[in-house]
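Examining the three-dimensional arrangement
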Amino acid sequence: MKYLVSDFYFLSSAVDLKAKTVGEAYESMSTFMGYPVSMLCLLHAIRGLVAGGYLTVSPEGGVITATTAITVTPEGKKLAAVTPIQKLLGETKAHRKNQLRFCDMERPAVGEDSLTADKDSFGDSVTRLIRSGDISLPTFEISDVEEGYCKLTVHHPNDGFYGMDDEDEDESDPDAATLSYSASVTGTVEQIKAGLRDLVVTAHALVTEPPRPRKVALHGADGSLLISLANAANEQGLVSFRMTVSRIRFNRQRFVGKRDSELDYAQCGDPIFIHEMSDAESFAFFGVMDSVLARPDLLGEAEMEMLSEVHRATN
C-alpha cells in the first residue's frame, strides 16, 4: 500500500506550520481536504508517518488529542519542505511535486489498533473552521450508525452544515417546493463498501478513459440512490460536469452491482438535486477521492491503488 494524499496533507501541515501539536496540523489538514477530517483518516496518517520514521508523537495512554505533542523528523522535513531553490521555480509546483513523490512511496504495514483518538478534543477546531468558511461537508459522507451498519450521505455544496437551515429559504409559502440538498442510504458495512468501491472505480474511469456518461448506484437496506454523471451545456453554451442524484423507486435489487449503461433502465423519481462542477477531474479528485479518504478502513488495496492513479492523473 502506498501513502495517501491525506497522509501528505498532515505531514506538510506539520512542516509548514512548524506545528507542535496534532491539533495545529489537524486544522491545516482539514483545510486541505475541505471538510473536518475524520479520526480514522487522522489516525491512518499518523500511524503511517510514525511507522515510516517521518513523525514522532507523544500520546498519553495511546490516545491522540488536539494537544498531543508531535515532532517532524529530519527525514519527514526533507519529504515535505519546499526548498529555497524550489521556491524560485514556483512554490505551488514544488509542493505538488513533493506530494506526488511522497504518494509513490510504500507505506509500512502498521497495526491499526496501535493508537486511538479523542474526537471531542478536536471539536473547537472544527467549529472554528466551519465559522470561517474554510471547510464544509464532503460530497460523500460516511458515518457509523450502529454495529455493522453505516450511513452514506450525498451532499450538495449548499447543504447546511450539521443541519443548519438555509437563511434564504422561503417559509411564507406553505405550498413552495421543499429543496433537498442531501440524500442518504443506510446499510450494512458491506453494502456501503460496495458503493464506495463503485465510486472509486467510476472516478478512476473518468480520468483514465475516454469521456462518456457514467452512472453509479448506492445501495442500502433502506433504499438506493442513482448518481448520474455527464457533461452538459447550459443556455449560454458553456459546458460543465453535472452530477444528478435521484432515488431508485422500483425493482432496485435488480440493479445491485451494476454501473453505467446497466443502470439506464432504473426507474427513478425526480432528481433530488443537481450539482454542476467545472469538469470530471473535479468530481474525481474533490468529490470522490477526498471524500472516501475519510474512511480508509473501508477501502481495499485495489481501491487505494486506483485512488493513487486518480491523484496522479489530476495533478
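Within each chain, residue numbers correspond to sequence positions counted from 1 in written order. In keeping with the predicted nature of the model, local features appear solely for residues at pLDDT of at least 70, side-chain atom pairs appear and are counted solely at 80 or more, and the whole-chain, interface and lining totals rest on all residues. The basis for every side-chain value is the complete set of non-hydrogen atoms in the structure, without hydrogens or water.

**Regarding the pairing of strand β3 (residues 69-72)**
Defined as follows: Here's how the labels work: a residue is buried when its accessible area is under 20% of the maximum for its type, exposed when over 50%, partly exposed in between, all with a 1.4 Å probe on protein chains only. The way it works is that DSSP assigns letters per residue, a run of H or I at least four long becomes a helix, a run of E at least two long becomes a strand, and they are numbered from the N terminus. DSSP bridges decide pairing: two strands pair if at least two such bridges lie between them.
Only one face of β3 is buried, namely the one carrying Ile70 and Val72, since none of Ala69 and Thr71 on the opposite face is buried. As paired elements, strand β1 (residues 55-58) and β3 share four bridges and run antiparallel to each other. Within β3, the residue paired with Val57 across the bridge is Ile70.

**Quick notes on helix α9 (residues 280-292)**
Condition: Multiply 1.5 Å by the residue count of a helix minus one, and that product is the helix's expected span.
Taking 1.5 Å of rise per residue, the 13 residues of α9 would be expected to cover 18 Å, and the 17 Å separating its terminal C-alpha atoms lies within 8% of that figure. Within α9, 11 of the 13 residues are buried, which leaves it mostly tucked inside the rest of the structure. When α9 is considered as a whole, its buried residues turn out to be Ala280, Ser282, Phe283, Ala284, Phe285, Gly287, Val288, Met289, Asp290, Ser291 and Val292.

**Observations regarding the sheet that holds strand β8 (residues 214-220)**
Selection criterion: Fitted lines through C-alpha atoms give the axes, limited to the stretch in contact for helices. The angle between two N-to-C directions lies from 0 to 180 degrees.
The strand order β8-β9-β10-β11 describes an open sheet built from four strands, whose pairing is antiparallel. Every interior strand has two partners, whereas the edge strands, β8 and β11 (273-277), have only one. Averaged over all pairs of adjacent strands, the angle between their axes in this sheet comes to 20°, without regard to strand direction. Here strand β10 (residues 239-247) runs beside β11; their pairing, made up of five bridges, is antiparallel. Along β11, the bridge assignment pairs Thr244 with Ile274.

**Looking at the pairing of β8**
Of all seven residues making up β8, six are buried, and the element is well covered by its neighbours. The pairing of β8 with strand β9 (residues 223-233) spans seven bridges and is antiparallel. What sits directly across from Ala217, in β9, is Leu226.

**Observations regarding the packing of aromatic side chains**
Note the following rule: When two rings of Phe, Tyr or Trp (its six-membered ring) have centres within 6.5 Å they constitute a pair, described as stacked for plane angles under 30 degrees, edge-to-face for angles over 60, and tilted for the intermediate range.
Inspection of every chain in the model, using the stated rule, returns eight aromatic pairs. Judged by centre distance (6.0 Å) and plane angle (45°), the ring pair of Phe241 and Phe283 falls under tilted. Here Phe241, found in strand β10, pairs with Phe283, found in helix α9; they are 42 residues apart in sequence, far enough to count as distant. When sorted by exposure, Phe241 lands in the same class as Phe283, which is buried. Aromatic rings pair up to connect Tyr3, Phe8, Tyr54 and Phe102 into one cluster.

**Some words on the sheet that holds strand β6 (residues 149-155)**
The cut-off we apply is this: Residue contacts are counted whenever heavy atoms from the two residues lie within 4.5 Å of one another.
Taken together, three strands build an open sheet; the order of strands is β5-β6-β7 and the sheet is antiparallel. The sheet is open, and its two edges are formed by β5 (140-146) and β7 (182-188), each paired on a single side. The average undirected angle you get between the axes of adjacent strands in this sheet is 20°. Across six bridges, β5 lies against β6 in antiparallel orientation. Of the residues in β6, the one forming a bridge with Phe140 is Val154. Contacting β5, β6 and β7, helix α8 (residues 189-208) runs over the sheet at an angle of about 130° to β7.

**Some words on α8**
Over its 20 residues, α8 runs 28 Å from end to end, which matches the ideal 28 Å to within 8%, given 1.5 Å per residue. Listing the buried residues of α8 in full gives Ile192, Gly195, Leu196, Asp198, Leu199, Val200, Thr202, Ala203, His204, Ala205, Leu206 and Val207.

**Some words on the environment of Thr208**
Spelled out, the test is: Definition of a polar contact: a pair of N or O atoms within 3.5 Å, with one able to donate and the other able to accept a hydrogen when the atoms are protein atoms, and with sequence-neighbouring residues admitted only if both atoms are side-chain atoms.
Assignment of secondary structure puts Thr208 in helix α8. At 2.6 Å, the side chain of Thr208 forms a polar contact with the backbone oxygen of His204.

**Some thoughts on the pattern of salt bridges**
Basically, it comes down to this: A pair is scored as a salt bridge if a Lys or Arg side-chain nitrogen falls within 4 Å of a carboxyl oxygen belonging to Asp or Glu.
Summed over all chains, the structure comprises 14 salt bridges. Between Glu305 and Lys2 there is a salt bridge whose closest N-O contact spans 4.0 Å. A residue pair is termed long-range when its members are at least 10 positions apart, and Glu305 in helix α10 (residues 301-313) and Lys2 in the segment before α1 (5-16) qualify at 303 residues. Among the salt bridges present, the one from Asp297 reaches Arg295, with a minimum N-O distance of 2.9 Å. Judged by relative accessible area, which is 6%, Arg295 ranks as buried. What emerges from the salt-bridge pattern is a single network uniting Lys2, Asp104, Glu106, Glu305 and Arg312.

**Here we look at the side chain of Gln99**
You can see Gln99 is positioned in helix α6 (residues 91-103). With sequence-adjacent residues up to four places away left out, Gln99 is seen in contact with Val5, Phe8, Tyr9, His311 and Asn315.

**Here's the deal with the confidence of the model for the protein chain**
This is how it is decided: What pLDDT reports is the predictor's confidence in each residue, on a scale of 0 through 100.
Averaged over every residue, the pLDDT of the protein chain is 88; the share at 70 or more is 91%. Under a pLDDT of 50 for its full length, residues 162-178 has, in the predicted model, six contacts with residues more than four places off or in other chains.

**Focus on the environment of Asp198**
Within the secondary structure layout, Asp198 lies in helix α8. Since its relative accessible area comes to 10%, Asp198 is described here as buried. Spatially, the C-alpha atom of Asp198 lies 6.6 Å from that of Val216, the residues being 18 residues apart in sequence. Among residues more than four places away in sequence, those in contact with Asp198 are Val216, Ala217, Lys258 and Arg259. At a separation of 2.8 Å, a polar atom in the side chain of Asp198 contacts the side chain of Arg259.

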